[in-house]
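For reference, the chains in residue letters:
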Amino acid sequence: MPIGTTPVIDTHIHFWDIERSDLYWMTPELEEQLRPLRRSFGPEDLDPQRQAAGVDQIIIVQAARSAWDHAWWFSLAERHPWIVAVVGWVDLEAPDVGEQLNRYQQHPSFRGVRATAENVPDPDWLASSSVQRGIAAVAERGLTLDLLVRVQHLPHVPRLAERFPTLTVVVDHLAKPPIASGDLAQWREQIAALTPYPNVWCKLSGLLTEAGPNPTAEAIRPVVEFALEYFGPRRLLWGSDWPVATLAADYLTTFRTYQILTAALSEAERAAVFGGNARRVYRLAD
């Protein structure tokens, strides 16, 4: 259901086929923790839930890394009008990264790429010359760069923003703050350091799964309020991180949690967080 005239857009949805998708992050050491996610998740699973929540549109974000997954995501966008964009994956270090991006840009739903620094052992991966070359190719094509990072990767983000001032950078999940431990000092410092760069945005997503055994609105309130203080509602986007978020709460609860935490905002500000900013960041048609 739109906020004012602005459609509500979930900027962070994952779809995968358990038999075919390259789910590189489902490692053996996480087998027990991720057991509820070891099945296929597609539009038919999400559609009743997003309608019940009043979510108008969604954006598919990379959770697998293969050409098959890309083709499948694009086909889903063709079949379901409420899927309005795809943020996919390319090997940023590949010699032919530009050619890969050119091929994907032929599909009208392709809006950006996700760089998964979290899944690389080297904390300085984003700063490597080979990755920077790939990011340059993303920037040259006017695509958005989503970042899957944690606190240790955040010092590289200002340098990216400076080197590629026309590149729109989105920090997914607020860089996964260590909510469960409560040790947020370093996270606060690093997030605050991003605010001078107008091409850097943050995504209110995936926070309940970082809250440990107490995945409630009050548990994540400190990080949401900090993000609102430093970035303001004009540089934040909402995303559910479904189905990963179901490890902590169902879709409707996740959506309502973020609504509770933004209840003090004006209607125009809430419309920006829950839809308007997504239209700008991912260049969606009116």
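Here the structure is shown first, and the text comes after it.
Participant: Would you mind going over the packing of helix α1 (residues 43-53) against helix α8 (residues 251-261) with me for this structure?
Facilitator: Any two packed helices are characterised by the angle at which their axes cross and by the distance between the axes. Where α1 meets α8, the closest approach of the two axes is 9 Å, and the angle between their N-to-C directions is 35 degrees. Once α1 is placed against α8, the crossing between them reads as right-handed. In contact with L46, Q49, R50, A52 and A53 of α1, α8 contributes Y251, L252 and F255.

Participant: I would appreciate a short explanation of the packing of aromatic side chains in the present structure.
Facilitator: The relative placement of two aromatic rings is captured by the distance of their centres and the angle of their planes. Taken as a whole and assessed by the stated rule, the structure comprises 13 aromatic pairs. Both rings, one in F74 and one in Y104, keep their centres 6.0 Å apart while their planes meet at 70 degrees; by these two values the pair is edge-to-face. You can see F74 sitting in helix α2 (residues 67-79) and its partner Y104 sitting in helix α3 (residues 97-104), a full 30 residues away along the chain. Each member of the pair, F74 as well as Y104, carries the same accessibility label: buried. Aromatic rings pair up to connect F15, W16, W25, F41 and W242 into one cluster. Just above the ring of Y24 sits the side chain of R65; from NZ or CZ to the centre is 3.9 Å.

Participant: What exactly am I supposed to notice about the pattern of salt bridges here?
Facilitator: Side-chain pairs of opposite charge can arise where the charged atoms are in close proximity. Per the counting criterion, the structure on display carries 13 salt bridges. For R141, the salt bridge is made with E140, and the minimal N-O distance between the two is 3.7 Å. Of the residues examined, R141 reaches a relative accessible area of 24% and is grouped as partly exposed. Overall, the relative accessible area of 65% leaves E140 in the exposed class. A single salt-bridge network, built from bridges that share partners, covers R114, D146, D172 and K203.

Calculation criteria
- Residues numbered from 1 in each chain as written.
- Predicted model: local features only at pLDDT ≥ 70, side-chain atom pairs only at ≥ 80, totals over all residues.
- Heavy atoms only, no water.
- Axes fitted to C-alpha atoms, helices over the stretch in contact; angles between N-to-C directions.
- Helix = DSSP H or I, 4+ residues; strand = E, 2+ residues; numbered from the N terminus.
- Left-handed = near helix turned anticlockwise from the far one by under 90°.
- Contact = heavy atoms within 4.5 Å.
- Phe/Tyr/Trp six-rings, centres within 6.5 Å; stacked < 30°, edge-to-face > 60°.
- Buried < 20%, exposed > 50% of the residue type's maximum accessible area, 1.4 Å probe, protein only.
- Lys NZ or Arg CZ within 6 Å of the ring centre and 35° of its normal.
- Salt bridge = Lys/Arg side-chain N within 4 Å of Asp/Glu carboxyl O.

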